[in-house]
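Observations on the three-dimensional arrangement
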Amino acid sequence: MKLNHLVESQQLSVEIILSLFKRADEFRDSADKPLTGKILAALFYEPSTRTRLSFESAMMKLGGNVISTENAKEFSSAVKGESLIDTTRIISAYADIIVIRHFETGAAKQAAAVSPVPIINGGDGSGQHPTQALLDLYTIRKETGRLDNLTIAMVGDLKNGRTVRSLCYLLGKFKNIKIIFVSPENLSIKDDIKDYLMRHDVQYEEQTDLNKCLPLADIVYMTRIQKEQMTAGEYNKAAGIYKIAEENFKLLKSSARLLHPLPHVEEINLPLKTEQTDERVAYFRQAENGLYARMALLAYLLE
Amino acid sequence: MKLNHLVESQQLSVEIILSLFKRADEFRDSADKPLTGKILAALFYEPSTRTRLSFESAMMKLGGNVISTENAKEFSSAVKGESLIDTTRIISAYADIIVIRHFETGAAKQAAAVSPVPIINGGDGSGQHPTQALLDLYTIRKETGRLDNLTIAMVGDLKNGRTVRSLCYLLGKFKNIKIIFVSPENLSIKDDIKDYLMRHDVQYEEQTDLNKCLPLADIVYMTRIQKEQMTAGEYNKAAGIYKIAEENFKLLKSSARLLHPLPHVEEINLPLKTEQTDERVAYFRQAENGLYARMALLAYLLE
Amino acid sequence: MKLNHLVESQQLSVEIILSLFKRADEFRDSADKPLTGKILAALFYEPSTRTRLSFESAMMKLGGNVISTENAKEFSSAVKGESLIDTTRIISAYADIIVIRHFETGAAKQAAAVSPVPIINGGDGSGQHPTQALLDLYTIRKETGRLDNLTIAMVGDLKNGRTVRSLCYLLGKFKNIKIIFVSPENLSIKDDIKDYLMRHDVQYEEQTDLNKCLPLADIVYMTRIQKEQMTAGEYNKAAGIYKIAEENFKLLKSSARLLHPLPHVEEINLPLKTEQTDERVAYFRQAENGLYARMALLAYLLE
């Protein structure tokens, strides 16, 4: 079944995922402009320059145009009290597709319910970030050659990080996946995700010792621990432990890959040379993959 | 006579208006790109995401490109003390046409006086908003099939609302128009507009009782009452009275149309289903019409 | 040798400069679109609407597209602590060329060191602004017909103004150049520039009396004295003296030209009519030249 909107990663079937990845591979070297004359509206209620520019570049590479607001929360009619539903109905008259980034969980779903044009969730509150999950998975396949038979360590703030949540929903669709959740106890993954994984026969375990887990993983998926979620003492303790530096990066298997949704701060602290030459450092290629994954999604939703 | 700029709605003759509407109708279904290679500068000194995106989308649909600033007041050389005249002279070197939104009445006129490229007033202080008036009038014709023989109720803050002012100037150009101004006494329409209407043989009356007026109107043009213009007590009183909800919406004639320049807040409070199915709710179509009216204006000024 | 990036004006050889100027002249009347399908990222960590719109317009006139952020300092991942190096590596995956404006001296150089795509310095802290220098020099040649045998008075804040610094580096490449630095003593040109000029056989002198210098100059290059760099008393004194108004503008030779990187405030105070009709007023043509100079640079770096 063709999707009209992409609001949460569960919507993506294995069949759609594989066809998007095929498309993404093709767009890598293609100069095709299938979206010539189409307009994308980037409606960002909270700033995320990286995600916004990635979508905008994707649209332009496909021949399309972009109208954009970087800070709709402060600048737009939202200030005057207009509902997201009304804003969506109006912007949908100006654009052929809308990507919404919002500070409230569920915002993209609300917009999709009334929009005559496709809505893409570009991240909503502590909810989901399905295109990030899509590019994460695309990177995993690109780097390892497979989507089944993988051990994935997810590290950092697993409680608040929406990219981890969205990626788990996608991983649940593949075979023989094992997830090792590595986090301080107060930032452990929530029960709804654990329930989902159990229902989908994904093995998982919860650990607190990062170095013990690093040698086991095919993929190490680091996330940022957010200062604003805890006391300074807790933060300093967690940030010191849930961290990849030169000494423990060596613990990774030679075929393993280090991913990160970026931006990273001190939770990854590798020498520039390692970043530039060690092929296990995959997070910049991951960011670039976002471009092709988003091109594939835009083309899919607009066809 | 061909206009070089659009600064105030009085400039628009009936002949120009009708030719713009014809053009707007044509652009609705056309894939023509008459402005390929042209550049629009959106120079917004106060944020108005809706108006800006509407202009930008219009320009792109015609094949043109857009350079844009969302908050020139804070971000641009205005901070360093540069005059609007100088900014205009410089931006006119980069763009083929400029739309200016400004917090000061008269700003667009100032810019037009020195600009070698067309200036469009995108709203200036408590002055005018002529493209809003143009799309309002276009919507009235689209919805009722005519521009003469109309009874129009204008409701809300008629003192400060520039869209009402600009629309009155346009209505003065047509025959057998009757305007009912409905507002609290402290927000009634200003004398300059009343004088203009009298000189142009437009009948008008001033009322305070909304429900008495609703059954008489072909068009009900609602506007937002702005909290910042009065005391909390006055606001609450006015907002409770000058309001369309389910119960008084029923008072409209079956052929009537409800318009609003948007964004609306509590002054319109209709169920989603009514908004989606009752054809008297015209304000989302009105917003879409803005796109076609602006396309027509851009093409007209650039030819 | 072909440049990969433009970080500081010293990089530009006479040969490159002349070929860029030839190109700029050609682009003035051409409808060629040599950069169709290419994407420019405008990564502005401090607002500069004029410079940004000039680059964006230049890119669009060449057929390219633009992704853009107006205030990366506040809006982007910089807030979360991401390094400029990481941001550059990621944005370079989305764009074919990047112009960076940054509040820290050396930022563009840092970015260029890791970027796989060309970096253009759009102004960095108190460092350089090489495209401003390029357009200044292009204007000097356009207006006087030559790049050698020139007497140039540079006026105002010579200590903090990066445009003066960048222009001096370029002037050092030509023959029989004489520079008269005119500034209050506390804002005089720094020693590194004087050393550079001496090494390159450029005559210079330092003066405090503007009116004495005006009749001698082929080019008067005014700059803004910045309030924030001194006490109110010092500012008022300097602003009253280092100023071109109707009475001392008359002291300029009839063949002289008045330039300014703009925006100007009270340091130039000429009647509108003089600005519009006296051909010695060259600063608006200078701003327009920026468009063609930047077009030439973009085309050069992307070929």
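Residues numbered from 1 in each chain as written. Chains lettered and ligands numbered in written order. Predicted model: local features only at pLDDT ≥ 70, side-chain atom pairs only at ≥ 80, totals over all residues. Heavy atoms only, no water.

What to know about the overall build of chain A
Along its length, chain A carries 13 helices and eleven strands. In terms of C-alpha radius of gyration, chain A reaches 19 Å, essentially the compact-globule figure of 19 Å for 303 residues. When the backbone C-alpha atoms are referred to their principal axes, chain A occupies close to 55 × 45 × 40 Å. Residues counted as buried form 62% of the 303 residues belonging to chain A. Residue pairs in contact within chain A that sit at least 24 positions apart in sequence constitute 75% of those at least 6 positions apart. The distance from the centre of the 38 positive side-chain charges to the centre of the 39 negative ones in chain A is 2 Å. (Helix = DSSP H or I, 4+ residues; strand = E, 2+ residues; numbered from the N terminus. Rg over C-alpha atoms; globule rule 2.2 N^0.38 Å. Buried < 20%, exposed > 50% of the residue type's maximum accessible area, 1.4 Å probe, protein only. Contact = heavy atoms within 4.5 Å. Lys, Arg positive; Asp, Glu negative; His and termini not counted. Charge placed at Lys NZ, Arg CZ, Asp CG, Glu CD.)

Some points on the packing of helix H4 (residues 84–94) of chain B against helix H2 (residues 49–61) of chain C
Here H4(B) crosses H2(C) at 20°, and the two axes come no closer than 9 Å. The angle between H4(B) and H2(C) places the two elements in the roughly parallel class. In the crossing of H4(B) with H2(C), the sense of the turn from one axis to the other is right-handed. Counted together, B:Ile90, B:Ile91 and B:Tyr94 of H4(B) and C:Arg50, C:Leu53, C:Ser54, C:Ser57 and C:Lys61 of H2(C) form the full contact between these two elements. When its residues are assigned to classes, the contact of H4(B) with H2(C) shows four nonpolar, two polar and two charged. (Axes fitted to C-alpha atoms, helices over the stretch in contact; angles between N-to-C directions. Parallel < 35°, antiparallel > 145°, perpendicular 65-115°, else oblique. Left-handed = near helix turned anticlockwise from the far one by under 90°. Nonpolar A, V, L, I, M, F, W, Y, C, P; charged D, E, K, R; others polar.)

Structural notes on helix H13 (residues 283–302) of chain A
Helix length check: H13(A), at 20 residues, gives a terminal C-alpha distance of 29 Å against a target of 28 Å (1.5 Å per residue), a fit within 8%. Taken across its 20 residues, H13(A) has 18 buried, putting it largely inside the fold. (Expected span 1.5 Å × (residues − 1).)

Section: the relation of the copies chain B and chain A
Here chain B sits on chain A after a turn of 120° about the axis and a move of 0.0 Å along it, with an RMSD of 0.0 Å. What the superposition gives is, in effect, a three-fold axis relating one chain to the other. (Least-squares fit on C-alpha atoms with pLDDT ≥ 70 in both.)

What about helix H1 (residues 14–28) of chain C?
Residues and elements named next belong to chain C. Spanning 15 residues, H1 covers 21 Å between terminal C-alpha atoms, matching the ideal 21 Å at 1.5 Å per step. Regarding H1, the residues found buried are Ile 16, Ile 17, Leu 20, Phe 21, Ala 24 and Phe 27. Buried residues of H1, viewed axially, fall in a sector of 135°; they line one side. Turned more than 90 degrees away from the buried face of H1, the exposed residues are Glu 15 and Lys 22. Looking at the packing, one finds that the buried side of H1 touches helix H6 (130–144), helix H7 (162–171) and helix H13 (283–302). (Arc of directions from axis to C-beta.)

A look at the domain arrangement of chain A
Residue and element names in this part refer to chain A. Looking at the assigned domains, one finds that chain A contains domain 1 (31–128) and domain 2 (131–286). Listed by partner, the interface residues are 13 residues for domain 1 and seven residues for domain 2. Roughly 730 Å² is buried in total at the junction of domain 1 and domain 2, and carbon and sulfur atoms are behind 42% of that figure. For domain 1, the biggest contributors to the area lost against domain 2 are Arg 50, Ser 126 and Gln 128; these three give 58% of the whole. Where domain 1 packs against domain 2, one counts one salt bridge. Residue Arg 162 pairs with Glu 46 through a salt bridge whose shortest N-O separation is 3.6 Å. Linking domain 1 with domain 2 are two residue pairs in polar contact (both at pLDDT 80 or more). (Domains from an automatic or database assignment. Buried area = accessible area lost by both parts, 1.4 Å probe. Salt bridge = Lys/Arg side-chain N within 4 Å of Asp/Glu carboxyl O. Polar contact = N/O pair within 3.5 Å; in protein donor to acceptor, adjacent residues only side chain to side chain.)

Notes on the relation of the copies chain B and chain C
Note on the chain copies: they are related by a rotation about an axis and a translation along it. Structural alignment of chain B on chain C gives an RMSD of 0.0 Å, achieved by rotating through 120° and translating 0.0 Å along the axis. When the interface residues of chain B are mapped onto chain C, a mere 9% of them are again interface residues, pointing to distinct binding faces.

Regarding the sheet that holds strand S6 (residues 177–182) of chain B
Residue and element names in this part refer to chain B. With respect to topology, five strands assemble into an open sheet ordered S7-S6-S5-S8-S10, the strand pairing being parallel. Two strands close off the open sheet at either side, each with one partner strand: strand S7 (203–207) and strand S10 (257–259). Across this sheet, the average inter-strand angle for adjacent strands is 20°, counted without regard to direction. Where strand S5 (residues 150–155) and strand S8 (residues 219–222) come together, four bridges link them in parallel fashion. Looking at S8, one finds that Ala 153 is bridged to Val 220. Strands S6 and S7 of the sheet are contacted by helix H8 (residues 191–199), whose axis makes an angle of about 150° with S7. (Pairing = 2+ DSSP bridges.)

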